[in-house]
Amino acid sequence: MGLPHKPGTPAIILCHGAFDKPHGKTAHGLLRFGRVYDIVAVIDRELSGKTARDVDPNFPPVPILRSVSEAIEELDPEVLLIGAAPPGGKLTPEWKEEVIEAVHAGLDVVSGLHEFLSEDPDISEVAEESGSRLIDVRKPRKELFRVADGSARDVDATVVLTAGTDCAVGKMSAAIELAERLREEGVEAAFLATGQTGIMIGAEDGVVVDRMPGDFMAGAVEELVVRLAEDHEIVVVEGQGALSHPAYSGVTLAILHGAWPDAVVLVHDPVREVRDGFPRFRVPDPRTEATLIESLSAAEIVSVALRTWDERLAEELSSEGYLVERLGDLRKTVDRVLEVHRTGR
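Treat the numbers as computed from the prediction; the structure is a model and nothing was measured.

Calculation criteria
Residues numbered from 1 in each chain as written. Predicted model: local features only at pLDDT ≥ 70, side-chain atom pairs only at ≥ 80, totals over all residues. Heavy atoms only, no water. Helix = DSSP H or I, 4+ residues; strand = E, 2+ residues; numbered from the N terminus. Contact = heavy atoms within 4.5 Å. Patch = residues over 30% accessible without salt bridge, like charges linked within 9 Å, V, L, I, M, F, W, Y side chains within 5 Å. Areas by Shrake-Rupley, 256 points an atom, 1.4 Å probe, with all protein chains shown as cover. Salt bridge = Lys/Arg side-chain N within 4 Å of Asp/Glu carboxyl O. Lys, Arg positive; Asp, Glu negative; His and termini not counted. Charge placed at Lys NZ, Arg CZ, Asp CG, Glu CD. Pairing = 2+ DSSP bridges. Axes fitted to C-alpha atoms, helices over the stretch in contact; angles between N-to-C directions. Buried < 20%, exposed > 50% of the residue type's maximum accessible area, 1.4 Å probe, protein only.

Caption draft 1: View of the side chain of threonine 26. Looking at where threonine 26 falls in the secondary structure, it is placed in helix α1 (residues 25-33). Every residue in contact with threonine 26, bar those within four places of it in the chain, is listed here: Ile82, Gly83, Gln196, Thr197 and Met200.

Caption draft 2: Representation of a negative patch on the surface. Where like charges cluster on the molecular surface, the negative patch consists of Glu180, Glu184, Glu185, Asp335 and Glu339. Put simply, the parts of the chain that give the negative patch at least two residues each are α6 (171-184) and α12 (331-343). Mapped onto the elements of the fold, glutamate 185 is located in the loop between α6 and β8 (189-193).

Caption draft 3: Local environment of the sheet that holds strand β15 (residues 324-326). In space, the 7 strands of this open sheet follow the order β9-β8-β10-β7-β11-β14-β15, with parallel pairing throughout. This sheet does not close on itself; its edge strands, each paired only once, are β9 (205-206) and β15. Sheet topology note: the strand β7 (residues 158-164)/strand β11 (residues 263-268) ladder contains 5 bridges and is parallel. By the bridge assignment, alanine 163 is partnered in β11 with leucine 266. Taken strand by strand, helix α10 (residues 286-295) contacts β7, β11 and β14 (300-306), and its axis lies near 155 degrees from that of β11. Most of the contacts of α12 go to β14, to which it runs at about 170 degrees, and overall it touches β7, β10 (234-238), β11, β14 and β15.

Caption draft 4: A look at the pattern of salt bridges. Throughout the structure, instances matching the rule amount to 25 salt bridges. Where glutamate 204 meets arginine 183, a salt bridge forms, and the shortest distance between an N and an O atom there is 3.4 Å. Taken together, the residues glutamate 204 in the loop between α7 (196-201) and β9 and arginine 183 in helix α6 connect sequence positions 21 residues apart. With relative accessibility at 32%, the residue glutamate 204 sits in the partly exposed group. In this structure, a network of salt bridges that share partners links the residues Arg146, Asp149, Glu222, Glu223 and Arg227.

What follows is the structure, given as structure tokens:
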């Protein structure tokens, strides 16, 4: 899914009450990896007066403001990006008021929410009057409604999947890092997003897999792998959830079977004992997840990327034959991926 804006388009991120929390990960991804938008401000009433860098040293020092109206007055943005899901996953009256303020001022709005702004009569009416565009990146693309037929197994490109032991553990970060490092090595590499944040960042293509009908999830991923493989040597696919996750395994398996990767990078956070947002479910040992992946595909686990470094675990996994690296420093992983690429499918 391509975004309708040119690189460098000035944008603000709406993130009330979430910017310093895990569910603000869309905002975090846009600040760290965004290719399309020049982020000029974050809107979070609770943190106004600070900068994004005050929240995380990896973020640029963009200001955090109180409201959309303040940002419009001071910075002249062209786009509003929804940077998190409000409580309950739907627009609260407060968030909706901010969106209408932006639309009334002529800003386009890009949203990854489950509810579509383009189908909200209040917002769409104002957008029609102002000429604003409402871009719902979760809206399913009809041309991707197809059942997987195994065609991804025939592509000439090498396919790499970033899998994980939990949600929000760094799979997208790993995929972006891999694609960027491969390009630095002179390889034509594409990043295939499978969630809303990756699409908003500016992936070569993508689909929000969890919005596709069940029968078509694997087929949608497969279709995009085949398309990207026509013009790229390596396709890096962003994983979702975990095969062992009771809530999200269906999406995880659909991506694994649709992409049918040659190589898998497994992302794990050793300090996380229970699953993000699901305290009754424990995070598995990475070996367990690796075994599941290998039993359900023909992929090779080329490395384990640790979100938080754990020397003891790293030594244990290394002694068992795994390549272990810190997320954010995947140089050896890139070498392994290139080795798989040279060997061929």
